[in-house]
Amino acid sequence: MIWLYVGLGLLVVFIIILVVRTLIHKQTMVNEPIHDVEVDEKRIIENFIKKIKYKTISYPDSSLIDRKAFDALKAHLKNDYPLINQRATYQEIGMGVLFHIKGKSSNKPIVLMSHFDVVPVSDHWSVEPFGGIADDTHIYGRGTLDTKLTINAVMESVEYMLDKHQMLNQDVYLSFGGDEEIGGSSQRAIVKYFKENKIKPYLVLDEGGAIVSNMFPGVKEKVAAVGIAEKGFLNLELKTESKGGHASTPPKETPVTLLASAVKKLNESKQFKMKMTSPVKAMFNQITPYSTNFMIRLIFANMWLFGPVVKLIAKLSGGQLKAMFKSTLAFTVSEGSKAYNVLPNEAKIGINIRLRPDESSDMIISRIKKIINNHDIIVTPILVSEPSPISMMDEGYAMLEKAINDTWNHTIVSPYLMVATTDSRYYHEICDRVYKFSPMNVSADDLSRMHGDDER
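Q: Honestly, the pattern of salt bridges in this entry has me stumped. Any pointers?
A: Pairing between side chains becomes possible if they bear opposite charge and their charged atoms approach one another. Within this structure, the stated rule accounts for 22 salt bridges. Notably, a salt bridge pairs D80 with K50, separated by 2.8 Å at the nearest N-O pair. In this pair, D80 sits in the loop between helix 3 (67-79) and helix 4 (82-87) while K50 sits in helix 2 (residues 41-53), placing the two residues 30 residues apart along the sequence. The partly exposed category is assigned to D80, whose relative accessible area is 23%. Look at K50 and you get partly exposed, because its relative accessible area is 35%. Across the salt bridge formed by D445 and R456, the nearest N and O atoms sit 3.2 Å from each other. With D445 in helix 14 (residues 444-448) and R456 in the segment after helix 14, this pair connects stretches of sequence that are 11 residues apart.

Okay, structure coming up:
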């Protein structure tokens, strides 16, 4: 009988520990009064619309790029921001531009980033995608979300600061890429310039997360999601070959059937496991205390015990939450015969893989070869970008957090893992504080328009 009491006692102590850990998980949101800043809203919107009107579409085929549109946007940056251009040195590097504004000190230079190229548009827009059309609630156009909004925010805010202050405290670099949507060679070149000139940025701010709603169960407040790391990507080709021939006498296995079998194995494999990396854990630690659902708070405050439950929740939720936990495979490209009655000499499948932090492209390729287990299938990496390092969350992060709190009240500022890629991934090799945040308040409907029709 005594063991029953001991067991019950231990159970009670265990439950008390879980509850106490849940209750001491404190909220940290700051709700100080926001001071209004008088700005020329009309000018800001006009300059935003100007940027939208330039058809700066980037294409992998460089012959399709409208160089005049890119030159016109660069001219706008030089002509319509007189204070920046009086104070800054300006240079063009690749398809990008770099402004350098000297401050009182160059010890802790800050880099503010964006890109001005955009993806192509379809024929299904309800408005002219480069018309800069505005109504009472929205401004429409390709690039409004991704990401001429951020380049406009950077230029307008820095011009404002130079108007109000004769000298900035630290050197500031405005680094804008012109080919982010096709790989970002401009920013690679700019990072190379920084390295060659022994410039080590203290903090880099690029596009990334935004102000979002309904990010976490039971959390009513909006969340400013700040990327502190991003997943890598790997474009992988699976290819197999044969002698071809007439489709009327097919062999048992063809290049297509071999690849179909490989895709099935990969799609059903359980070897791409879910794991909570430190950026995801930091996000849960920050957001969990705000949930009105006590059981949710209990689970996420005690992930040492409920880790499998958390993974199950992410798996069932799917989408971005699930993608934060694992390396994902998307089968995106397929090639075979050009005719229905001809067996292909070769067939290919393209896979886009997003790499979780702590997994490398070599690890994933080795795992894929093992799963497929077929030497007739050639596995070739086409394009690789490894997962980024994880940025420090120290006084640099606190500075960004304060800036967000000074702009949006009743908003939780939280780190998170970017599942997409940005140009800022190149800066991790020269900077310990690379943050990915876009200063915009967006809905799920807004986000669905990014790279889509009627972006606004």
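Q: Just checking my understanding: could you explain helix 6 (residues 185-196) for this structure?
A: Helical periodicity: at 3.6 residues per turn, an α-helix aligns residues three or four positions apart in one direction. Along its 12 residues, helix 6 runs 16 Å from first to last C-alpha, staying within 8% of the 16 Å computed at 1.5 Å per residue. Tucked inside the fold, the buried residues of helix 6 contact strand 1 (88-93), strand 2 (96-101), strand 3 (105-115) and strand 4 (170-177). Note on helix 6: the residue one or two positions beyond its end, K198, has a positive phi of about 55 degrees.

Q: Teacher, can you tell me more about unusual backbone geometry here?
A: Leaving glycine out, the prevailing phi sign among residues is negative, and the prevailing peptide bond configuration is trans. Of the consecutive residues D146 and T147, the connecting peptide bond is found in the cis state with omega at -15 degrees. Relative to the helices and strands, T147 is located in the loop between strand 3 and helix 5 (148-164). Even without glycine at this site, N373 takes up a positive phi of about 55 degrees. Following the sequence through the fold, N373 ends up in the loop between helix 12 (361-372) and strand 12 (378-385). On the basis of relative accessibility, which here comes to 61%, the residue N373 falls in the exposed class. Of note in the backbone geometry, D454 takes a positive phi value of approximately 55 degrees without being a glycine.

Q: What's the story with a nonpolar patch on the surface in this structure? I'm lost.
A: Where nonpolar side chains cluster on the molecular surface, the patch consists of L23, F294 and M295 and spans about 290 Å² of accessible area. On the basis of relative accessibility, which here comes to 48%, the residue M295 falls in the partly exposed class.

Q: In this structure, what is going on with the packing of aromatic side chains? I would like to understand it.
A: Note on aromatic pairs: each is described by the distance of the centres and the angle between the planes. Here the structure, examined in full by the defined rule, presents 12 aromatic pairs. Ring geometry for F216 against F284: centres 5.8 Å apart, planes inclined by 50 degrees, an arrangement best described as tilted. A residue pair is termed long-range when its members are at least 10 positions apart, and F216 in the loop between strand 5 (203-212) and strand 6 (222-230) and F284 in helix 8 (residues 278-287) qualify at 68 residues. Members of the aromatic cluster, connected to one another through ring pairs, are Y173, Y193, F194 and Y427. It is K108 that lies over the ring of Y202; its NZ or CZ is 5.0 Å from the centre.

Conventions adopted
Residues numbered from 1 in each chain as written. Predicted model: local features only at pLDDT ≥ 70, side-chain atom pairs only at ≥ 80, totals over all residues. Heavy atoms only, no water. Salt bridge = Lys/Arg side-chain N within 4 Å of Asp/Glu carboxyl O. Helix = DSSP H or I, 4+ residues; strand = E, 2+ residues; numbered from the N terminus. Buried < 20%, exposed > 50% of the residue type's maximum accessible area, 1.4 Å probe, protein only. Expected span 1.5 Å × (residues − 1). Contact = heavy atoms within 4.5 Å. Patch = residues over 30% accessible without salt bridge, like charges linked within 9 Å, V, L, I, M, F, W, Y side chains within 5 Å. Areas by Shrake-Rupley, 256 points an atom, 1.4 Å probe, with all protein chains shown as cover. Phe/Tyr/Trp six-rings, centres within 6.5 Å; stacked < 30°, edge-to-face > 60°. Lys NZ or Arg CZ within 6 Å of the ring centre and 35° of its normal.

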